[in-house]
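# Structural description and commentary
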Amino acid sequence: MSKTYKSICYCTNLRRSANAISTFYDAQIKETGITISQYYLLINLSRLGNANISHWAEYVGLDRSTMIRNIKILQANELIVQTEGNGKTFMLSEKGNEVIIKAQPVWQELQEKIEAFLGKEDAEAILRIGNKLQGLN
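Because the structure is predicted, anything quoted here is derived from the model rather than measured. (Residues numbered from 1 in each chain as written. Predicted model: local features only at pLDDT ≥ 70, side-chain atom pairs only at ≥ 80, totals over all residues. Heavy atoms only, no water.)

Assigned secondary structure in the protein consists of 6 helices and 3 strands. When the helices and strands of the protein are read in sequence order from the N terminus, they spell out α-α-β-α-α-β-β-α-α. For the protein, the C-alpha atoms occupy an extent of roughly 50 × 35 × 25 Å along the three principal directions. When the 137 residues of the protein are sorted by exposure, 28% land in the buried category. Within the protein, residue pairs in contact and separated by at least 24 positions form 48% of the contacts whose partners lie at least 6 positions apart. Carbon and sulfur atoms form 53% of the exposed surface of the protein, whose accessible area is close to 9,800 Å². Here the protein contributes 16 positive and 14 negative side-chain charges, whose respective centroids are spaced 9 Å apart. (Helix = DSSP H or I, 4+ residues; strand = E, 2+ residues; numbered from the N terminus. Buried < 20%, exposed > 50% of the residue type's maximum accessible area, 1.4 Å probe, protein only. Contact = heavy atoms within 4.5 Å. Areas by Shrake-Rupley, 256 points an atom, 1.4 Å probe, with all protein chains shown as cover. Lys, Arg positive; Asp, Glu negative; His and termini not counted. Charge placed at Lys NZ, Arg CZ, Asp CG, Glu CD.)

This is the structure we're talking about:
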């Protein structure tokens, strides 16, 4: 049984919410062999086709050092491969493509579960408020 902690702090509430939803997604998507964070990186690399570290990091909104740490894990798990290009350039490996194909319906099901849990209006509010908050920087 989960416990809800009360706080009037926006930051604390958002962090707790982010941890809760990440845990929820990770528990379900782990059957595909990746985490939700890895899914996010891989699906975006698949959209880019290939990308160097800087472009990929900018596209997903991560700093370069965080991106490098994640790339090392994705390479170690043979989900991406380095290609020729401007700087260190990467693309999905065959295994990475297979994982994405397996993970996409799981992700879609999780999206539907969250929307059913919250209701369509609150689920849309998360996206709207999240986009707005990202403009604080």
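We now examine the side chain of Gln38. Structurally, Gln38 can be placed in helix 2 (residues 36-48). Sequence-distant contacts of Gln38, that is, excluding residues within four places in its chain, are made with Gly33, Ile73, Leu74 and Asn77.

Packing of helix 2 against helix 3 (residues 53-60) brings their axes to within 10 Å, and their N-to-C directions diverge by 115 degrees. As helix 2 packs across helix 3, the resulting crossing turns out to be right-handed. Between helix 2, through Tyr40, Leu41, Asn44, Leu45, Arg47 and Leu48, and helix 3, the contact on the second element is made entirely by His55, Trp56, Tyr59 and Val60. (Axes fitted to C-alpha atoms, helices over the stretch in contact; angles between N-to-C directions. Left-handed = near helix turned anticlockwise from the far one by under 90°.)

Taken together, the side chains of Leu14, Ile129, Leu133 and Leu136 define a hydrophobic patch exposed on the protein surface, amounting to about 380 Å² of accessible area. Topologically, Leu136 is positioned in the segment after helix 6 (120-133). (Patch = residues over 30% accessible without salt bridge, like charges linked within 9 Å, V, L, I, M, F, W, Y side chains within 5 Å. Salt bridge = Lys/Arg side-chain N within 4 Å of Asp/Glu carboxyl O.)

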